[in-house]
Amino acid sequence: MTATFEPRDPDWKARCLASFERQPICRTLGIELTAVEPGFCEMRMPFREELTQQHGYFHAGMVSTLADNAGGYAAATLMPAGSEVLAVEFKINLMSPAKGDVMIARARVVKPGRTLVITQVEVSMLEGGVEKDCALMQQTAYCQMPR
C-alpha cells in the first residue's frame, strides 16, 4: 500500500522536471525519468557496456547513482517552492548482479519531514520482459532552501 502525500509546492512537477533537465550526470548515463508523482519517482537506465564492471554487470556505482537520483526526486516532489534536494545519507543492499536490458529504480517517500525526507528505493533489472530485484536503498534527503 502506497501512502498519499500532498505537495507543499503547487508547481512541484515543473520544478522537479526542470531540475532533472539540469543534471549532466543523467544525460551522460542515459537515465530517463519515466514517472513522477507526489512521493514517488521511477527512473530507468538502459544497459551500456561502458557502464559495467569486469564481469559485465552494471557497476555498483551505476546502481547507486540511479537509486540515489530516484530517491532524491521522490523526496523533491514534497519539498517547498524554491528548494533543492541533496542526499545526506544512504545505505544500499546489492541483492543480485545488475544484468539485463534496463535498470529500473522506483522510489517512495517513507517519511516526509520539514528538512529531512526518508525514501526507500527498489531497483530491478528488466530482461526479456521479466523484472528481477537487484538492490534496495534507504536514503535520507535534505531540503536545501536558497540563501
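Residues numbered from 1 in each chain as written. Predicted model: local features only at pLDDT ≥ 70, side-chain atom pairs only at ≥ 80, totals over all residues. Heavy atoms only, no water.

Okay, the layout of surface pockets next. A volume near 170 Å³ is recorded for the largest pocket. Taken together, S19, Q23, D68, N69, G72, Y73, E84, V85, L86, A87 and Q139 make up the full set of residues lining the largest pocket. At the level of elements, helix 3 (60-76) and strand 3 (84-94) are the ones that each hand at least two residues to the lining of the largest pocket. Partitioning the lining of the largest pocket into residue classes produces 4 nonpolar, 5 polar and 2 charged. (1 Å grid on protein atoms, 1.4 Å probe; cavity = no way out; pocket = protein on both sides within 12 Å on 5 of 7 lines; lining within 4 Å. Points joined across faces, edges and corners; volume = space filled by probe spheres on them. Helix = DSSP H or I, 4+ residues; strand = E, 2+ residues; numbered from the N terminus. Nonpolar A, V, L, I, M, F, W, Y, C, P; charged D, E, K, R; others polar.)

With the rule as written, the count across this model stands at 1 cavity of 30 Å³ or more. Considered as a void within the structure, the largest cavity measures approximately 70 Å³ in volume. The wall of the largest cavity is formed by R15, C16, S19, Y73, A76, M79, S83, E84 and V85. Ranked by residues supplied to the lining of the largest cavity, first place goes to helix 1 (residues 12-21) with 3 residues. Within the lining of the largest cavity, the residues separate by chemical class into 5 nonpolar, 2 polar and 2 charged.

Take the packing of aromatic side chains next. Taken as a whole and judged by the stated rule, the model has 2 aromatic pairs. Taken together, a centroid distance of 6.1 Å and an interplanar angle of 80 degrees make the contact between F20 and Y73 edge-to-face. On the criterion of sequence distance, the pair formed by F20 in helix 1 and Y73 in helix 3 is long-range, its members being 53 residues apart. The pair F20 / Y73 is uniform in exposure class, with both members buried. Ring geometry for F47 against F58: centres 5.3 Å apart, planes inclined by 75 degrees, an arrangement best described as edge-to-face. On the criterion of sequence distance, the pair formed by F47 in the loop between strand 2 (40-46) and helix 3 and F58 in the loop between strand 2 and helix 3 is long-range, its members being 11 residues apart. (Phe/Tyr/Trp six-rings, centres within 6.5 Å; stacked < 30°, edge-to-face > 60°. Buried < 20%, exposed > 50% of the residue type's maximum accessible area, 1.4 Å probe, protein only.)

Worth remembering: the numbers are spatial, not functional.
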